[in-house]
Amino acid sequence: MELPLISRARVHASRIAYQDAQSSTTYAELLSRSAQIASGLLGARADLAEARVALLVAPGALYTAAQWGIWRAGGIKLPICLSATEAEWEYALSDAEVSTVLADAANAPRIAGLCSRMGIALRVAEELTADAKAMPEIGLERRAMILHTSGTTSKPKGVVTTHDNIAAQIRSLVQAWEWTEQDRIPMFLPLHHIHGIINILGCAQWSGACVEAFGRFDLERVLSRVSAQAYTLFMAVPTIYVKLISALQQADEAQRESVVAGFRAMRLMVSGSAALPASVHEAWTRLTGQELLERYGMTEIGMALSNLYRGERRPGAVGAPLPGVEVRLKAENGPVIEGEDEPGEIQVRGPGVFAAYWNRPQASAESFEEGWFRSGDMAVRERGYYRIMGRLSVDILKSGGYKLSALEIEAVLLEHPQIAECAVIGLPDDTWGEAVTAVVVLRAGRLELPALREWCRDRLSVYKIPQRLKVVEALPRNAMGKVTKPAVKALF
Ligand code: MLC
Ligand code: AMP
């Protein structure tokens, strides 16, 4: 049997999968490029047999061809962040025990030194053009992807999903949001996270729809394409809607009218990956007439809850379980909550739920309770819809839609020669959701934010670098000597 995304692509072979001002690529072309890449990766082997292949390719047709190539050859895809630091790449490659990095020609030189130091093969996607050969049979229970996600341990964990998990995650959204081959969507999110990979690319390619890829979120270019009424669908994180609102408020009247007409013409606009403040939801409706659809998901489970495509879209709420997904609320060490208005932890079950964390049997086991995945997010049911109340762990932050581990950032800051102790927290921020904030005790001298940020530059991805810094004489601690994060927050 062929992989579901591949057989879906055959159905839509003549349709345009990717389009931009310069070029367009059909599904047939993606299929043949991916077969060449698969053959190049296989070489003399018959099956990559779940070897991990890291993907370092910019958004666009080659990204999808490379992803399918890895899958068709039987490998596991590990997409890595284009803008990560070398230390972050090294961690990702060693944690997932990667054997090959598949990079595009523009990015290959940036990782070549690391690959040779680590003894990892580097293949350039553009150079894999050999004739396609026979592909192995891939069972759908086979592992397909590893996404690194930050959490309650200091280093990111690899979330492993199978081909079946991925297909289930995509099917649920295609059904709920009524994707069709007529859809056109911009893609400006990073492609090492589930939002871009599943909700945008996965659903579009399942449906035979057309993607316009941007290298990054380029506000001016996106707005000009919206004005041209280029899209039927739009999916973004709350930070992007905040930036769009401020751009629309600053635009002159003629520009605002044409951009608003472009947004108004879309059939659906979705927000997710972090809480969308009700005020932003309402401001967007006032400005554009579009009611944003907010949904809730997680790397480990795909999407779980969504406001209705045809029905109520309630500001401040994330809606009801998506097709094929079971959700329950559980009181800590207590019963399953059956009624409304009582908070509990969101727990999820269903075919989209991940297989395990890579090489972490204990963390994998601990993340399930009676077969349900424990999200670590608290919510309450109100009039049939779930509302997210916050997280169980103070050590997980969301900034710009990125999940960050306070512990991971603290571990890096402690390498700074002047920093004796530190605590990282997230402070509420209108644009970013939470702003990464470091509270530090110094060994000696002074430390200003610009100098700290500069020092962090080649140690942490830009979105992990503290935006605020406070130097204190001592960190607040409890009787056990443990830093109390709520008391750290209270310093502000
Ligand atoms: C960047 N900057 C930040 C920042 N990120 N400042 C504070 N906090 C952050 N988090 C700063 C940079 O240092 C830079 O400063 C300036 O902003 C511009 O940087 P940029 O990278 O060009 O920013 P921009 O492109 O505007 O980025 C905003 C963004 C991006 C929202 C497009 O953060 C993004 O793509 N976020 C989405 C992440 C995502 O896909 N998450 C989904 C995870 S999956 P200077 O000084 O240099 O100008 C998931 C499951 C689910 O969550 O439910 O979907
Ligand atoms: P990630 O681990 O990057 O996949 O991020 C998943 C986390 O993002 C969830 O556990 C939530 O904390 C958060 N999240 C996603 N969607 C929403 C939403 N609509 N509202 C609030 N939080 C969200």
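Residues numbered from 1 in each chain as written. Chains lettered and ligands numbered in written order. Predicted model: local features only at pLDDT ≥ 70, side-chain atom pairs only at ≥ 80, totals over all residues. Heavy atoms only, no water.

A.B. asks: Could you give an account of the overall build of the protein chain, naming the residues involved and the relevant values?
C.D. replies: Scanning the protein chain from terminus to terminus reveals 15 helices and 27 strands. A compact globule built from 492 residues would reach a C-alpha radius of gyration of about 23 Å, and the protein chain, at 23 Å, matches this within 12%. Its C-alpha atoms give the protein chain principal-axis dimensions of about 65 × 55 × 50 Å. For the protein chain, the residues scored as buried account for 56% of the 492 residues in total. Put simply, 67% of the contacts in the protein chain that link residues at least 6 apart link residues at least 24 apart. Positive and negative charge centroids in the protein chain, built from 53 and 55 side chains respectively, lie 1 Å apart. (Helix = DSSP H or I, 4+ residues; strand = E, 2+ residues; numbered from the N terminus. Rg over C-alpha atoms; globule rule 2.2 N^0.38 Å. Buried < 20%, exposed > 50% of the residue type's maximum accessible area, 1.4 Å probe, protein only. Contact = heavy atoms within 4.5 Å. Lys, Arg positive; Asp, Glu negative; His and termini not counted. Charge placed at Lys NZ, Arg CZ, Asp CG, Glu CD.)

A.B. asks: Help me get a handle on the layout of surface pockets, residues and values and all.
C.D. replies: For the second largest pocket, the calculated volume is near 540 Å³. As for the second largest pocket, its lining consists of 29 residues, of which Glu88, Tyr91, Pro156, Glu408 and Lys464 are closest to the centre. Within the residue set of the lining of the second largest pocket, elements represented by two or more residues are α4 (86-95), β7 (143-149), β24 (402-405) and α13 (406-413). Looking at which element gives the most residues to the lining of the second largest pocket, the answer is α4, with 5 residues. Class assignment of the residues belonging to the lining of the second largest pocket gives a composition of 15 nonpolar, 7 polar and 7 charged. (1 Å grid on protein atoms, 1.4 Å probe; cavity = no way out; pocket = protein on both sides within 12 Å on 5 of 7 lines; lining within 4 Å. Points joined across faces, edges and corners; volume = space filled by probe spheres on them. Nonpolar A, V, L, I, M, F, W, Y, C, P; charged D, E, K, R; others polar.)

A.B. asks: Run through the sheet that holds strand β11 (residues 233-236), naming residues and quoting values.
C.D. replies: With respect to topology, 5 strands assemble into an open sheet ordered β11-β12-β13-β14-β15, the strand pairing being mixed. Here the strands that pair on one side only, and so sit at the sheet edges, are β11 and β15 (320-321). Direction of pairing for strand β14 (residues 302-306) relative to β15: antiparallel, over a ladder of 2 bridges. Directly across from serine 306, in β15, lies its bridge partner alanine 320. Strands in contact with helix α7 (residues 194-207) are β11, β13 (293-298) and β14; relative to β11, the strand with the most contacts, it is inclined by about 165°. (Pairing = 2+ DSSP bridges. Axes fitted to C-alpha atoms, helices over the stretch in contact; angles between N-to-C directions.)

A.B. asks: Outline the site of ligand 2, listing residues and values.
C.D. replies: Near ligand 2 lie 15 residues; those nearest to it are Glu294, Arg295, Thr299, Asp377 and Lys398. Backbone polar atom of serine 273 to a nitrogen atom of ligand 2: 3.3 Å apart, as the coordinates give it. Contact between ligand 2 and alanine 275: a nitrogen atom at 3.5 Å from a main-chain N or O atom of the residue. With 5 residues, the single largest contributor to the shell around ligand 2 is β13. Considering only residue class, the shell around ligand 2 consists of 6 nonpolar, 4 polar and 5 charged. (Near = heavy atom within 4 Å. Polar contact = N/O pair within 3.5 Å; in protein donor to acceptor, adjacent residues only side chain to side chain.)

A.B. asks: Go over the packing of helix α3 (residues 61-72) against α7, please, and point to the residues and values.
C.D. replies: At their nearest, the axes of α3 and α7 sit 13 Å apart, and the two run at 85° to each other. Relative to α7, α3 is oriented roughly perpendicular. Listed contacts from α7 to Tyr63, Thr64, Gln67 and Trp68 of α3 are Ile197, Leu201 and Gln205. Across the contact of α3 with α7, the residue classes break down as 4 nonpolar, 3 polar and no charged. (Parallel < 35°, antiparallel > 145°, perpendicular 65-115°, else oblique.)

A.B. asks: An account of empty space enclosed by the protein is needed here, citing residue identities and associated values.
C.D. replies: To locate leftover empty space, one rolls a probe as large as a water molecule over the atoms. For the structure shown, the criterion picks out 1 cavity of 30 Å³ or more. The computed volume of the largest cavity comes to approximately 80 Å³. Mapped by element, the contributors of at least two residues to the lining of the largest cavity are α1 (4-11) and α6 (163-176). Ranked by residue count, the leading element in the lining of the largest cavity is α6, at 4 residues. A breakdown of the residues in the lining of the largest cavity according to their chemical character gives 8 nonpolar, 1 polar and no charged.

A.B. asks: Pulling in residues and values, what's your account of the pairing of strand β22 (residues 385-391)?
C.D. replies: Sheet analysis places strand β21 (residues 372-382) next to β22, joined by 6 bridges and oriented antiparallel. Following the sheet pairing, aspartate 377 is matched in β22 by arginine 391. Connecting β21 to the next strand, β22, in antiparallel fashion are 2 residues, including arginine 383 with a positive phi near 45°.

A.B. asks: Outline the site of ligand 1, listing residues and values.
C.D. replies: What surrounds ligand 1 is a group of 26 residues, the closest being Lys243, Ser273, Arg295, Lys398 and Gly400. One of the side-chain nitrogen or oxygen atoms of arginine 295 is found 2.6 Å away from an oxygen atom of ligand 1. In this structure, glycine 297 approaches ligand 1 through a main-chain N or O atom, which is 3.3 Å from an oxygen atom. Of all the secondary-structure elements, those providing two or more residues to the shell around ligand 1 are α7, α9 (238-250), β13 and β23 (396-399). Along the lines of polarity and charge, the residues of the shell around ligand 1 split into 12 nonpolar, 9 polar and 5 charged.

A.B. asks: Provide a residue-level description of the domain arrangement of the protein chain, including the pertinent values.
C.D. replies: By domain assignment, the protein chain separates into domain 1 (4-139) and domain 2 (396-490). Domain 1 and domain 2 are separated by 36 Å when their C-alpha centres are compared. Opposite the 5 residues of domain 1 that make contact, domain 2 presents 7 residues. Here domain 1 meets domain 2 over a buried area of about 380 Å², counting both sides, of which 44% is carbon and sulfur. Lysine 464 is the salt-bridge partner of glutamate 88, the closest N and O atoms lying 2.8 Å from each other. Linking domain 1 to domain 2 there are 2 residue pairs in polar contact (both at pLDDT 80 or more). (Domains from an automatic or database assignment. Buried area = accessible area lost by both parts, 1.4 Å probe. Salt bridge = Lys/Arg side-chain N within 4 Å of Asp/Glu carboxyl O.)

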